Every structure is written in C-alpha cells, then in structure tokens.
Amino acid sequence: MTFVDRFNRRVAEGPVGRFFRLEFSGHRRERKGSRFFTEIRAGLATFFAMAYIIAVNASITSQSGGTCVCPHTVEDFTCDKNEEYMLCVGLIRRDLVTATASIAAFTSVLMGLGANIPIACAPGMGLNAYFAYQVVGYHGTGPVSYNLALSAVFVEGFIFIGLSLLGMRQWLARAIPASIKLATGAGIGLYLALIGLTYSAGIGATTGAVSTPLELGGCMPEFRDPTTGVCLSHKMRNPTLWLGIFCGGIFTAVLMMYRVKGAIIAGIALVSIISWPRSTSVTYFPHTTIGDANFEFFKNVVGFHKIEKTLNVIEWNIGGAGSQFGLALITFLYVDILDCTGTLYSMARFAGFVDERTQDFEGSAMAYMIDAFGISIGSLFGSPPVTAYIESGAGISEGGKTGLTAIVTGLCFFISIFFAPIFASIPPWATGCTLILVGCMMMKAAAEINWAYPGDAIPAFITLLVMPMTYSIAYGLIAGIITYIILNTIVWIIEMLSGGRIVPYAKELKEPWTWRIIGGILPGWLTRLFSGKRDFWRPHEHVDGEATERVGGTEDKEINPGSITPVGEFESDEKKPHVV
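Everything numeric in this text was worked out from a predicted model, so none of it was measured.

Peer 1: Before we go on, may I ask you to explain the overall build of the chain in this structure?
Peer 2: Each helix and strand counted, the chain has 21 helices and 9 strands in total. Taken over 580 residues, the chain has a buried fraction of 55%. Within the chain, contacts between residues at least 6 apart in sequence are counted, and of these 73% link residues at least 24 apart. Total accessible area on the chain is roughly 25,100 Å²; 66% of this is exposed by carbon and sulfur atoms.

This is the structure:
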C-alpha cells in the first residue's frame, strides 16, 4: 500500500470521510471508488475547465455598460467613442472579474457541503449573454436598466427557493420522460463540444456564418470578417488551433487512453504555459492594445481588485419598465429552471447518482436550493444568474464522486480572486479540446435512448439536436418536451377514438411514463410534516436495506415504498431512506 493509499484510507476513516461518504468511511451509503486525492484532482480539473468563465463572464456582462451612464447621442448612440464611458466600462469589467470568482467560490463550496455532489456553480453562459444583450442591451440600449435587471435576478432566486422547498423543481426533473432525460445528457455533450470548437471558449475551429449556420474557422484574427467573424481566407492556419488540437486534445486523449491521472489538467496546463511567452505565434498576449493590456494584468500575478461599481446596486423602482421587468423575470425563470434542472440531472446521471426507481438523485433538494440562493446572492455582486456548470463533467470524468470535488473547485475560485491575473490568462484554446473530450464521454447516454419506438426516439433526437444548434440547454428541453407531448397525445387520441384498434408500430416498446412519480409531488419533509411526524426534517429510518419506520420504540413496521421520501432532501443527515 502506497503513501497515497494509506493517506486516502486515513482520511476516509475520519470525520471528513464519513461526512462526504468516501469509500472505506464505514458510512452505510459510502460512494464506491471515491478517494480523497482523487476528489482533489477532480476539483482541479473542473476548475481548469471552468476558469475561462472568470474572464468571459466579465467580458460579456460588462458589454451591458453596468452602472456607467451613456448619454446616447445621435452621433455616438452606444458611446463606443466616448473615452470616459469606455474607461468606466473597463472598471466594470474588473469589478465583474472579482464578482465572478467570488460568487463561483461561494456557491461551489455550498454545493459541496450542502448537497455533497461534485457539481460546481458560476454565472451561466448563455444567461449572461441574454442579460447583457437582450435585457439591458449593449451599453444600456435595451429596455431594462442594469440595476433593474439585477432586481429581476434577485427576485428570481427567491422564487426558485420556494419552488425547491415545495419540491416542484425536483418533480419536474423526475417527471420528464426518460428518453428526453437521456437525450439531455447527450445533448449537453454536443453543446460542450460545440463550445470547445468556437473562438470565445474553444480552439476556434468553427464560426457562425450568414448563408450557413456554421462554417469552418481556424484563421488568424486579421483574416476574419469584423462584423460576422467568418474566416474570409487562411482557414485552419491559426497556430493556436493546432496547439489546442495536439497539446490540448491528442495529448490529453492519449493520457486518458492509458488512464493517466490528471490527464485533463495536464493538457490545459501544457497549452497555457506554451501560450504565455510573448515572442511566439501562439502567444495569448500579442503586441496589440488588448494584448498589451492583458499582459500588464498578467504581470501583476498577485492582485486583488475591490468591487467599486457593481456591488449592491439593485433598484426597486420599476416605474416605466414594469412590463419589461416582468418579461425579463419570466424569461429568466423558465430559461434558468430548465437550464439548471437539465444540467444538474445530467451531471448526476453522468456521475451515477440517479436512482432509476425514483428518477431522483441524492441531495437534489439541497442542490436546487443552493442554486437558487446563489442566484440572489450573485445579483448583489452585479452578476447574471448563477447556475450549475456542465464543465463539472471534467471533474466527474476524473473520478469526482462527492462534494469534496465542488469544494476544491470553489477554493480554487477563491484563490483566483487573488491570482486573477494568472487564472484569467488561461487561453480558450487550452480548454477547448477538454470540453470536446468531456462531450465525447457524455455522448454514451445516447446509446440508452429507446430508439425502437418513434414516439420516444424523435423527441429525444430533437432535444439532442436543438441544444447545440441554439446554444441553449433550455431550448433543447422545451423543443423535446413539446414534441413528445404532441406526438404521444395524437397517438392517445387516435387510440381512444378507435377503441384501441389503431396503434402505432412498436407501441409495445414505448417507455412507460406517468406524472405520478414515486414519492409524490411534495417533498418528503412536507409529507412527513402533514403526517404528524414530529422530527419531520429527518427521513424514516431503514434496517438492512429495507425502508422501515420505528413504531413504539420497539418494533419495526414496513412502510409502503411509494410513501418513502424521494432521495433528494435538504438536510445532510445520515438517516436517509435506502435507495433500492
């Protein structure tokens, strides 16, 4: 037994191991294969895969102008030529670098401690773009002010807390048809891969076009159309593209084939180190205005920027923008609830936490509540909605199985507050192939989809297709669910009118679905409260794997499994019902 094995065993047998249910901890529901050092490595992998959000979220959200005031003159309506305004926007961006790292650290640690799952949180990609470009508008040209939009985000978080307490978010995740849930995991894998192929957070192999949705990219910046970003010539000749492919992709893939621990981290670190010197063709700091500014920030190495303009700037006067405020709130609600629900469920399935009987996962209620709480807290920092991150798949693929992974990721984000110049300088082509490889691993869920019956297969395919094509997990889920409802409702009507004589081919192979999910709609704690259980916050005890309830303190009486609390509870007590 090596030193690492002995140390892992010692930690597992201590209070930390028992709290996080590491293997050999003696906990009755310990997580097989979970090791202390493996959790640390997985947390680092998740952080390096997510580190781009520090710079990207700050860049996107600052495009709204934040609290800076633009005069909106006829000659310069967006204030692009207003030097004073642009300096203010630069300060907003630095504020948001600190805000992004802070809220990611806070919510990821909470997720690890409260829900004990290896899923990290941060301001959501896609949600930040909607916030900046649709709600507030570029440099404040939208219908809602930055301050008012943050108010909508703040309210949204507390609405989510209520929905989580009542079990509605958990019920939604469990009630979605199995084929669509499986397609969600595969669709997120394609979505991740597409992100890894783009310029903003990937290797830059593809770009959007006008006549076609996507087009081959990989050209140097000077050969891209300044308006559309399309490569006009010299495609696939950008040295950073090939650096990302070979050092970030092939190198990492070979290490993964030989099951080398830390393969993903090694690939990201290798590409980053190669990209930092300025005298190379793959440098992240070219001799341009932006490159010089990034390099000056990078040279600080250690530095803390105090939030000056975005901290607690929420505004409650909605006069003149009431309808737009309501629209923004409703849109944030439905997009975020589907986005986060789909991400959390897919990551839980990817990690092997989903119970096939209840279609729930351990710690789900707490996970949804932490996500909701993080949304409201994030708005106080000036951030768009916080959500669970699909890049958590990088840590899960490294072996992360417990909340220690999320805690390590959160601690890394906390450290990055003081080392922001370093962590904000990880180039996108260093993480692009990592996202593609994680997407590849997530695609295995597609094999479990019921392709034999079109009523299950077609909605699943629509879900899988729409997610990457619309750059939205929520839109993919919406499209798949609506398709499922329309197809199967038509089949049901025809079957009813024909007295059961006209049925579609292979109907007997259809996966069963019902809204009457095991455990019911209401969360277990509420069910126990209504049933008169005094310590309603504690799940029923179990003996030898069978769910039982103590009666009179001397005998055990078997309980109907349908009445047992679903796995996701908002307490982290050890006395949870056993999942069969």
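Picking up where we left off.
Peer 1: Would you take a moment to explain the pattern of salt bridges for this structure?
Peer 2: In a structure, side chains of opposite charge can pair up when their charged atoms sit close to one another. Going through the model one piece at a time under the given rule, you end up with 7 salt bridges. Glu23 is paired through a salt bridge with Arg35; the nearest N and O atoms lie 2.4 Å apart. Of this pair, Glu23 sits in the loop between helix H2 (15–20) and helix H3 (36–50) while Arg35 sits in the loop between H2 and H3, and the two are 12 residues apart along the sequence. Its relative accessible area of 13% is what places Glu23 among the buried residues. Given the relative accessible area of 25%, Arg35 is considered partly exposed.

Peer 1: Looking at this structure, I do not really get the state of the cysteines. What am I missing?
Peer 2: As used here, a disulfide is simply a covalent bond connecting the sulfur atoms of two cysteines. Inspection of every chain in the model, using the stated rule, returns 3 disulfides. The disulfide partner of Cys68 is Cys88, and the gap between their sulfur atoms is 1.9 Å. The chirality of the disulfide connecting Cys68 with Cys88 is left-handed, given an S-S dihedral of about -90°. Note that Cys68 is positioned in the loop between helix H4 (52–62) and helix H5 (83–115) and Cys88 in helix H5, a separation of 20 residues in sequence.

Peer 1: When you look at the packing of helix H7 (residues 146–165) against helix H8 (residues 168–175) in this model, what are you seeing that I'm missing?
Peer 2: Helix-helix packing is described using two parameters, namely the angle between the two axes and the distance between the axes. For the pair H7 and H8, the least separation of the axes is 5 Å and the interaxial angle reads 70°. The angle between H7 and H8 falls in the class roughly perpendicular. Within the contact between the two elements, H7 uses Phe160, Leu163 and Ser164 and H8 uses Met168, Arg169 and Gln170. Of the residues assigned to the contact of H7 with H8, the class counts are 3 nonpolar, 2 polar and 1 charged.

Peer 1: Got a minute to help me understand the environment of Gly374 in this structure?
Peer 2: Among the structural elements, Gly374 can be located in helix H14 (residues 364–380). On the basis of relative accessibility, which here comes to 1%, the residue Gly374 falls in the buried class. In sequence terms Gly374 and Pro123 are 251 residues apart; their C-alpha atoms lie 9.2 Å from each other. Discounting residues that sit within four places of it in the chain, Gly374 has contacts with Ile103, Thr107 and Val386.

Peer 1: What exactly am I supposed to notice about the environment of Leu526 here?
Peer 2: One can find Leu526 in helix H21 (residues 524–530). The spatial distance from the C-alpha of Leu526 to the C-alpha of Leu165 is 8.7 Å, given a sequence separation of 361 residues.

Peer 1: Sorry, what's going on with the packing of aromatic side chains here?
Peer 2: Ring pairs (aromatic) are described by centroid distance and by the angle formed between their planes. Taken as a whole and judged by the stated rule, the model has 20 aromatic pairs. With 5.3 Å between their ring centres and 40° between their planes, Phe7 and Phe37 make a pair best called tilted. Here Phe37 lies in helix H3 and Phe7 lies in helix H1 (residues 3–13), a separation of 30 residues in the sequence. The exposure class assigned to Phe7 is partly exposed, which follows from its relative accessible area of 30%. The rings of Trp276, Tyr284, Phe285, Phe295, Phe298 and Trp429 are connected pair by pair, giving a single aromatic cluster. We note Arg9 situated over the ring of Phe24; from NZ or CZ to the ring centre the distance is 3.9 Å. Stacked on the ring of Phe295, the Lys or Arg Arg278 has its end atom at 4.4 Å from the ring centre.

About the criteria used
Residues numbered from 1 in each chain as written. Predicted model: local features only at pLDDT ≥ 70, side-chain atom pairs only at ≥ 80, totals over all residues. Heavy atoms only, no water. Helix = DSSP H or I, 4+ residues; strand = E, 2+ residues; numbered from the N terminus. Buried < 20%, exposed > 50% of the residue type's maximum accessible area, 1.4 Å probe, protein only. Contact = heavy atoms within 4.5 Å. Areas by Shrake-Rupley, 256 points an atom, 1.4 Å probe, with all protein chains shown as cover. Salt bridge = Lys/Arg side-chain N within 4 Å of Asp/Glu carboxyl O. Disulfide = S-S within 2.5 Å. Axes fitted to C-alpha atoms, helices over the stretch in contact; angles between N-to-C directions. Parallel < 35°, antiparallel > 145°, perpendicular 65-115°, else oblique. Nonpolar A, V, L, I, M, F, W, Y, C, P; charged D, E, K, R; others polar. Phe/Tyr/Trp six-rings, centres within 6.5 Å; stacked < 30°, edge-to-face > 60°. Lys NZ or Arg CZ within 6 Å of the ring centre and 35° of its normal.

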